[in-house]
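Analysis of the macromolecular model
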Amino acid sequence: MNTFKRSLAVFLATSSIALALPLAANAGPMMGGGMGGDCGQGRSAMRGGPGDGLPPMMKKLKLTPEQEAKITELRKQDSELISAKYQSMRDSRAQLHEMQKNGDYDEAKVKALTEQGAQAMAEMAQLRARQHHQMMEVLSPEQRQQFAAQREERMKRWEKKRGDKPAA
């Protein structure tokens, strides 16, 4: 059981890092209770699902109609693939949780599930990083600076809100 807990801890630590990068790249709130927050969108919109296709912070940049159309298209082109990777990651986590809940332990299955989840997270992070880069290319230098400032401010608010809470 000790090996299972260690494997689960490594998987969760890896997933925390892998999830933080794509979410930060899209400048959306973390996966906590504030998903609906001030942006008025649900989880699917934050992952590139239904909605108008613009991340909340992009709406503050005074984009031209051409920029809005290009960014919306960029977000739509990989949204189904990103959603599939996200679902794969969630499925592997759910199966691990179920094994732990039932007291089952199969080292080969745990290894396969953690590798499947890690692979899905890595691919999702790669897709989001590419998508973020492509969106930044659409912005003017001034808009990129505004976006970076907004992102920095959001991270400061998140860190302040998080406070001295220990890492999970």
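Residues numbered from 1 in each chain as written. Predicted model: local features only at pLDDT ≥ 70, side-chain atom pairs only at ≥ 80, totals over all residues. Heavy atoms only, no water.

1. Some points on the overall build of the chain
Counting secondary structure elements, the chain contains six helices and zero strands. When the helices and strands of the chain are placed in sequence order, the string is α-α-α-α-α-α. Of the contacts made within the chain by residues no fewer than 6 positions apart, 68% connect residues no fewer than 24 positions apart. Counting every atom, the chain has about 10,100 Å² of accessible surface; 54% of that belongs to carbon and sulfur. (Helix = DSSP H or I, 4+ residues; strand = E, 2+ residues; numbered from the N terminus. Contact = heavy atoms within 4.5 Å. Areas by Shrake-Rupley, 256 points an atom, 1.4 Å probe, with all protein chains shown as cover.)

2. Focus: helix α6 (residues 141-162)
Between its first and last C-alpha, α6 extends 31 Å over 22 residues, near the 32 Å set by a 1.5 Å rise per residue. Regarding α6, the residues found buried are Gln143, Phe147, Gln150 and Arg154. All buried residues of α6 lie within an arc of 65° about the axis, which places them on one face of the element. Exposed residues lying more than 90 degrees from the buried face of α6 are Pro141, Glu142, Gln145 and Lys160. Gly163, located one to two residues past α6, shows a positive phi value of around 60°. (Expected span 1.5 Å × (residues − 1). Buried < 20%, exposed > 50% of the residue type's maximum accessible area, 1.4 Å probe, protein only. Arc of directions from axis to C-beta.)

3. So, the pattern of salt bridges
Tallied over the entire structure, the rule returns four salt bridges. Here Glu115 and Lys111 are joined by a salt bridge, their closest N and O atoms 3.3 Å apart. Here Glu115 and its partner Lys111 are both found in helix α5 (residues 107-138), four residues apart, which amounts to about one turn of the helix. (Salt bridge = Lys/Arg side-chain N within 4 Å of Asp/Glu carboxyl O.)

4. Observations concerning helix α3 (residues 65-77)
In this model α3 runs 18 Å from its N-terminal to its C-terminal C-alpha over 13 residues, within 8% of the 18 Å that 1.5 Å per residue would give. Regarding α3, the residues found buried are Gln67, Ile71, Thr72, Leu74 and Arg75. Projected down its long axis, α3 carries its buried residues within an arc of 160°, all on one side. Opposite its buried face, α3 presents the exposed residues Pro65, Glu66 and Lys76, each directed more than 90 degrees away.

5. Structural notes on the side chain of Ser79
Counting through the fold element by element, Ser79 comes out in helix α4 (residues 79-102). Looking at Ser79, its side chain comes within polar contact range of the main-chain oxygen of Lys76, at 3.2 Å. (Polar contact = N/O pair within 3.5 Å; in protein donor to acceptor, adjacent residues only side chain to side chain.)

6. Structural notes on the packing of α3 against α5
Viewed as axis vectors pointing N to C, α3 and α5 meet at an angle of 170°, and their least axial separation amounts to 10 Å. Of the possible angle classes, the one that applies to α3 and α5 is roughly antiparallel. Counted together, Gln67, Lys70, Ile71, Leu74, Arg75 and Gln77 of α3 and Arg130, Gln131, Gln134, Met135 and Val138 of α5 form the full contact between these two elements. Of the residues that constitute the contact of α3 with α5, the class distribution is four nonpolar, four polar and three charged. (Axes fitted to C-alpha atoms, helices over the stretch in contact; angles between N-to-C directions. Parallel < 35°, antiparallel > 145°, perpendicular 65-115°, else oblique. Nonpolar A, V, L, I, M, F, W, Y, C, P; charged D, E, K, R; others polar.)

7. Concerning the packing of α4 against α5
For the pair α4 and α5, the least separation of the axes is 8 Å and the interaxial angle reads 155°. Considering their axes alone, α4 and α5 lie roughly antiparallel with respect to each other. The two elements α4 and α5 cross, and the hand of that crossing is left-handed. By residue class, the composition of the contact of α4 with α5 is twelve nonpolar, seven polar and four charged. (Left-handed = near helix turned anticlockwise from the far one by under 90°.)

8. Notes on the nonpolar core
Listed in full, the twelve residues of the largest apolar core are Leu54, Met57, Met58, Leu61, Leu63, Ile71, Leu74, Met135, Met136, Val138, Leu139 and Phe147. Broken down by secondary-structure element, the contributors of at least two residues to this core are α3 and α5. Looking at this core element by element, the count peaks at three residues for α5. (Core = buried A, V, L, I, M, F, W, Y, C linked by side-chain atoms within 4.5 Å.)

9. What about the environment of Glu123?
When you line up the elements, Glu123 lands in helix α5. Looking at Glu123, the relative accessible area reads 23%, which means it is partly exposed. In the structure, Glu123 is positioned 42 residues away from Leu81 in sequence and 9.5 Å away in space, judged by C-alpha atoms.

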